[in-house]
Amino acid sequence: MWKYREVLPIEKEESIISLAEGGTGLHRCQRLGRELGLKKLYVKNEGENPTGSFKDRGMTVAISKAKELGKKKVLCASTGNTAASLAAYSARAGMECIVLVPKGKVAGGKMLQVTMHGARIIQVKGDFDQAFSTALALAERRSELYLMNSINPYRLEGQKTLAFEVSDQLDPETLDTVILPVGNGGNISAAWKGFTEFQQLSITNARPRMIGIQAEKAAPIARAVKREENMIHPVQNPQTIATAIRIGSPVNWPKVLKAIRESKGTAETVTDREILQAQRDLATLEGIFVEPASAASIAGLKKLREKGTIDPSETVVCVTTGHGLKDPSVIARPLKSQASYNLEITDRTSLDALERVL
Ligand code: F0G
C-alpha cells in the first residue's frame, strides 16, 4: 500500500515500518453471487494482510508516524485485531506495547498473536467500551504513552488505502456499493475518505454508496440510521458472537453517519445465526475463510438483497476484515452437522469400508 505514499502523512521514507501490508485480493464471487442473485459480487479480503486483518493498513502508517514523533511506548484498547496488529508493528519498530482488552471476550487467535509478539496484556473487566475509556484516561495521565486507537488520525489515513486499491482493482465507474462491518466505525469512514480523495484528485468520477453492517445486539449506529436520527444511543452490555464488533459506544459514530448520508448509503443489522451462515457460505462456495465479524458484510448483503435495497444489476464489493483462523471458537457452533469418520486403514477390507462411505 506504500505505493500511495504521496497521499499518506509520512515525511521521511526511512521512518516507514512495514510488513508488506495492503495489496489484498479483490475476488470475484460468482457462485455466492448466483445464490444472492447478483451478477457482480466481489470480496475484498483484508484477512490477507500480514497479521490477518485490515488493521495493518492503519498500523503501518500510525507506527511510522510514532517513530517520526520519537514515541517509545504505544497503547491501545481492542477487541483483538488492533491489539494483534499493534503488537506486531511495535515489535518491528522496537517499541514497548501495552494492550487493554475486555477480559474473556477476545478470540483465541488474537490473544495468541499479542502474546507471541511480546506485548503487555491488561485484561479489563467489562466490554471494549470500558477498556477504551481506561486507555483514554491512561494516555491522558501518562504523556509518554501514545494512543493508537482509531481516534489516532494516522490510523485512518492508512485505512483509506482500501478505497484506493478497490478503485484501482475495479473500474471505478462501475462500482455501485461497498459493504463493511462496523464496530467503532473507523474503517467505513476511512474508506469513504479514500473514495472522496480519489474523486477530488480526478482519478475517479463517481463514489460508491457505503453500507455499514452491525450485529443485532451491538448496533447503535445501524439503529440511528434506520430511525433517521442525528446521534446514537450507546448500547449497554452489547452481545454478539462477532467479538471484533462487540462495541456499544463507537467513537467514530459522527463520521460514520456522515459517510452513510453523503454517499446515500444505509445500515443494517444481522443476527449471530445469519453471521455464522454467511461465514459458512463464503467458505464453502468461494474458498474464503473469514472471521465472524467479517461475515457480517455478507450476511448484511443477503438481507438487503431480500429487502430489495440492493438491485441484481449492481456491482457490489463486500469487505471481509479479518481471517477465519483468528477465531477457532466457532467450531463449537455448528450450523449443520458435518460427517467425519475415524477409520484405521489396515487392510483391503477396511479400504472397502472407506469406499462405501464416500
Ligand atoms: N471487522 C473486524 C475483524 C474488526 O476487528 C473490527 C474492529 C471491525 C470489523 C470493525 O471496524 O471498528 O473500524 O468499524 N476491531 C477493533 C479492534 C475494534 O479493536 O480490533 P471499525
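Only a predicted model underlies this, so the values are computations on that prediction, with no experimental measurement involved.

**Observations concerning the sheet that holds strand β2 (residues 40–45)**
Strand order in this open sheet of six strands is β1-β2-β10-β7-β8-β9, and the pairing throughout is mixed. Looking at the sheet topology across the chains shown, the edges are occupied by β1 (26–28) and β9 (266–270). Strand-to-strand twist in this sheet, taken as the mean axis angle between neighbours without regard to direction, amounts to 25°. Both strand β7 (residues 177–181) and strand β8 (residues 209–215) contribute to a ladder of five bridges, which runs parallel. Bridge pairing links Pro 181 to Ile 213 in β8. Across the sheet, helix α7 (residues 161–169) is in contact with β1, β2, β7 and β10 (315–320); its angle to β2 comes to roughly 140°.

**Looking at the pairing of strand β3 (residues 73–77)**
Extensive coverage of β3 is indicated by the burial of four of its five residues. Of the strand pairs in this sheet, β3 and strand β4 (residues 96–102) are connected by five bridges, and their pairing is parallel. Along β4, the bridge assignment pairs Leu 75 with Ile 98. At this point the chain moves from β3, through helix α3 (residues 81–93), to the parallel β4, and the crossover so formed is right-handed. One ladder, built from three bridges, connects β3 with strand β6 (residues 145–147); its direction is parallel.

**A look at the pairing of β2**
In terms of burial, β2 is a largely internal element, five of the six residues being buried. Where β1 meets β2, three bridges bridge the pair, whose relative direction is antiparallel. Directly across from Leu 26, in β2, lies its bridge partner Lys 44. Relative to β10, β2 runs parallel, the two being bridged by six bridges. What sits directly across from Val 43, in β10, is Cys 318.

Rules behind the numbers
- Residues numbered from 1 in each chain as written.
- Predicted model: local features only at pLDDT ≥ 70, side-chain atom pairs only at ≥ 80, totals over all residues.
- Heavy atoms only, no water.
- Pairing = 2+ DSSP bridges.
- Helix = DSSP H or I, 4+ residues; strand = E, 2+ residues; numbered from the N terminus.
- Axes fitted to C-alpha atoms, helices over the stretch in contact; angles between N-to-C directions.
- Contact = heavy atoms within 4.5 Å.
- Buried < 20%, exposed > 50% of the residue type's maximum accessible area, 1.4 Å probe, protein only.
- Right-handed = clockwise from strand over helix to strand, strands pointing away.

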